[in-house]
Amino acid sequence: MRVRSASGLIGYLYAGWLYIALLWVDADHRRSGIGTTLITEAEQRAIAFGCHSAFVDTFSFQGPDFYPRFGYEVFGVFDYPPDHQRLFFRKRLSAGEAWMAMRLEGSCRCGAVGFTVDRHTPYPYQRCYCSICRKSAGGGGYAINIMGLADTLKIRGKRALGVWNAPIDGRLGSADRYYCKKCGTPLWVSDEHWPELMHPFASAIDTELPSPPKSVHLLLRDKAGWVEPQIGPDDDCFDGYPQLSIEEWHKKNGLWVD
Ligand SMILES: [Zn+2]
Ligand SMILES: [Zn+2]
């Protein structure tokens, strides 16, 4: 067997912290930028999983100048006699990340309607294939609903705001669907069962959203025949509704933002 040279990073995520346990760069690849790529990639993934900080430790003879180049600061030192030290570094990751912001901004395509709303649940992970979502807001065969706090909703351009209700089995549904009367953009859904919440369509959001680490596909029983759902290895699929609410999913996956 021929062993090719390799480089890599092993990190652990726990309770909002990325711990860089191991970073190695093969001798053939030193100074090629691979170390930088690995650290940056690990930090980005940690941020996507909701981490706020990273830490790492290294020995004084291993290259203590490496981590400070990426903004890491020493917060602890152990002496290893006779003359070595073990250095602990940390770095704040998420400060300034746009998608960590509590406030979402959204608008229609023509600009007549805009809105802001606060939320704790940033990930657009839920794909709904029901006939209402896919006909009214889902050109790809599904719509992506996210979630905001109804009492923080502020609307600009209310005169252009339209609302309709999709009857289900001949009866008025519990959800009101808001859209722009001028350009037709679907904006959000408000459901009388959850008056404290509102559900914007991710497609109407202007604030940058994080890519979800996995998705939930729901109401697949109503899927159009031509649609081939793109189901990732960690995705969950449901013929009807998923077990977890948007809040529960974020909390279970450690992605809830306070
Ligand atoms: Zn519009
Ligand atoms: Zn739907």
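Residues numbered from 1 in each chain as written. Chains lettered and ligands numbered in written order. Predicted model: local features only at pLDDT ≥ 70, side-chain atom pairs only at ≥ 80, totals over all residues.

> Run through the sheet that holds strand β8 (residues 126-128), naming residues and quoting values.
Taken in spatial order, the 4 strands make up an open sheet running β9-β8-β16-β17, and their pairing is mixed. Whereas interior strands pair on both sides, the edge strands pair on one side only; in this sheet they are β9 (143-144) and β17 (236-237). Relative to β17, strand β16 (residues 216-218) runs parallel, the two sharing 2 bridges. Residue pairing in the sheet places V216 in a bridge with D236 of β17. (Pairing = 2+ DSSP bridges. Helix = DSSP H or I, 4+ residues; strand = E, 2+ residues; numbered from the N terminus.)

> Describe the sheet that holds strand β14 (residues 186-191), naming the residues involved and giving the relevant values.
The strand order β10-β15-β14-β13-β12 describes an open sheet built from 5 strands, whose pairing is antiparallel. Looking at strand neighbours, the two that pair on one side only are β10 (148-149) and β12 (161-165), the edges of this open sheet. Relative to strand β15 (residues 197-200), β14 runs antiparallel, the two sharing 2 bridges. Within the sheet, the bridge partner assigned to W188 lies in β15 and is P200.

> Please set out the domain arrangement of the chain residue by residue, giving values where relevant.
Interface size is commonly expressed as the accessible area that is lost once the parts come together. In terms of domain boundaries, the chain breaks down into domain 1 (8-92) and domain 2 (98-252). The distance between the C-alpha centroids of domain 1 and domain 2 comes to 38 Å. (Domains from an automatic or database assignment.)

> Outline unusual backbone geometry, listing residues and values.
Cis geometry marks the peptide bond from P81 to P82, where omega comes out at 5 degrees. Relative to the elements of secondary structure, P82 occurs in the loop between β4 (73-80) and β5 (84-92). Here A15, not a glycine, exhibits a phi torsion of approximately 50 degrees, which is positive. As for its position among the elements, A15 is in the loop between β1 (8-14) and β2 (17-24). Judged by local crowding, A15 falls into the exposed class, with 8 C-beta atoms found within 10 Å. (Buried ≥ 20, exposed ≤ 12 C-beta atoms within 10 Å, placed from the backbone.)

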